[in-house]
Amino acid sequence: MVVDPKHAPVNGRKRSQRPQTSHHEVAEELRTRIRDGVLQPGQRMPTQATLADEFGVERGVVRQALHVLQAEHLLTNISKGSPATVASDLRPGGPFAGPGALPQPTMVGLGPRIASAFAANHVEIDALCLTSISLNLALGEPLRQIHAQRLNPAKVDVRVLLPGSHIDLAFPVPVDGRCRDQEGEVDPIHERWLAQRNAQGQVLQHNLLALRATHGIDVHVSFRALPFTPPVKLYLLNGMEALFAYYTLTRREQEIDHEQLEMYDAEGTRSMLFAFEQGAGLRDTTFVEQSHLWFNALWETISSELTLTS
């Protein structure tokens, strides 16, 4: 590779002089610099003009490369007027979405994506889950950033689908199959789940609606009840991302009301989260679109009004 002596290398790397350098090649070189730590999280990138000069390409090629890296969540704040910024929440092991993305535990992958979604002016989050524990935990970071005045969305719309209060859950359930005692009362495992579902939903609703008073944000939070136990969890962010995980059942023992009970249950915070992004290829785009169609169909047809009480 021949280096033009008139130009100093950017961030310690030499510049390619191939006249036909593609945006994929530019993206790969910049991706390597980010992965190697030459470009640090939160650091401003060189200007598009500087990068175009370094790689010997038009600015349009550089912009294409930057948008590729933005889709991989390696860059933020891409615009014509100012340099992009290396993402401050970089995740090791590759891009979060797209064909090369690796699944991550829910509490590793969900939080950064929810925080990123709150950078939009209009935040839209749809969630289908068993209790909304993971969603509540993931909302902690964007709420902190809003209170620290680092994020300032104008509008937040959240819709949550949860199992109905009185359905016979597929899980959590007692191993012995007991759902009701001799008096017809709901079993303690169901009661524990119901109390948890209601408490988590109330906390989520309170924390989000509080943004109206503290920051003047237009917030709407809605819940609807499903007539079945969802075998998966799904999060849809700003119409652009779909995060999907299986609830994997295990047999475990837990003390409830001073009694050791064996149950079949799933710990959703540990479920492996698969990420799909609009525009990251036909597979991802189709999955995001179909997930929205599925969620909306459930919301508008067989779900019913949900009140977060027993």
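These remarks concern the structure in this document. Please read these numbers as outputs of a predicted model, since none were measured by experiment.

1. Section: the packing of aromatic side chains
Here is step 1: Applying the stated criterion to the full structure yields 5 aromatic pairs.
Here is step 2: With 3.9 Å between their ring centres and 20° between their planes, Phe-276 and Phe-287 make a pair best called stacked. Note that Phe-276 is positioned in strand β12 (residues 272-277) and Phe-287 in helix α7 (residues 282-300), a separation of 11 residues in sequence.
Here is step 3: Phe-276 gets classed as buried once you look at its relative accessible area, which sits at 10%.
Here is step 4: With relative accessibility at 24%, the residue Phe-287 sits in the partly exposed group.
Here is step 5: Grouping aromatic residues by their ring pairs yields a cluster made of Phe-244, Tyr-246, Phe-276 and Phe-287.
Here is step 6: Here Arg-159 stacks its cationic end above the ring of Trp-299, 5.0 Å away from the centre of that ring.

2. Some words on the environment of Leu-306
Here is step 1: Mapped onto the secondary structure, Leu-306 falls in the segment after β13 (304-305).
Here is step 2: Sequence separation of Leu-306 and Gly-164 is 142 residues, and the distance between their C-alpha atoms is 7.3 Å.
Here is step 3: With residues up to four places along the chain from it excluded, the contact list for Leu-306 reads Leu-162, Ser-165, Arg-197, Phe-223, Arg-224 and Ala-225.

3. A short note on a negative patch on the surface
Here is step 1: On the surface, Glu-191, Glu-255, Asp-257 and Glu-259 cluster together to form a negatively charged patch.
Here is step 2: If you trace the backbone, Glu-191 turns up in helix α6 (residues 188-215).
Here is step 3: Residue classification places Glu-191 among the partly exposed positions, given a relative accessible area of 41%.

4. Section: the pairing of strand β7 (residues 218-226)
Here is step 1: Strand direction decides the pairing type here: strand β5 (residues 155-163) and β7, joined by 9 bridges, are parallel. Counted as the bridge partner of Val-160 is Phe-223 from β7.
Here is step 2: Sheet topology places β7 next to β13; 2 bridges connect them, and they run antiparallel. Of the residues in β13, the one forming a bridge with Ala-225 is Ser-304.

How each quantity is defined
- Residues numbered from 1 in each chain as written.
- Predicted model: local features only at pLDDT ≥ 70, side-chain atom pairs only at ≥ 80, totals over all residues.
- Heavy atoms only, no water.
- Phe/Tyr/Trp six-rings, centres within 6.5 Å; stacked < 30°, edge-to-face > 60°.
- Helix = DSSP H or I, 4+ residues; strand = E, 2+ residues; numbered from the N terminus.
- Buried < 20%, exposed > 50% of the residue type's maximum accessible area, 1.4 Å probe, protein only.
- Lys NZ or Arg CZ within 6 Å of the ring centre and 35° of its normal.
- Contact = heavy atoms within 4.5 Å.
- Patch = residues over 30% accessible without salt bridge, like charges linked within 9 Å, V, L, I, M, F, W, Y side chains within 5 Å.
- Areas by Shrake-Rupley, 256 points an atom, 1.4 Å probe, with all protein chains shown as cover.
- Salt bridge = Lys/Arg side-chain N within 4 Å of Asp/Glu carboxyl O.
- Lys, Arg positive; Asp, Glu negative; His and termini not counted.
- Charge placed at Lys NZ, Arg CZ, Asp CG, Glu CD.
- Pairing = 2+ DSSP bridges.

Taken by themselves, the reported measurements are silent on function.
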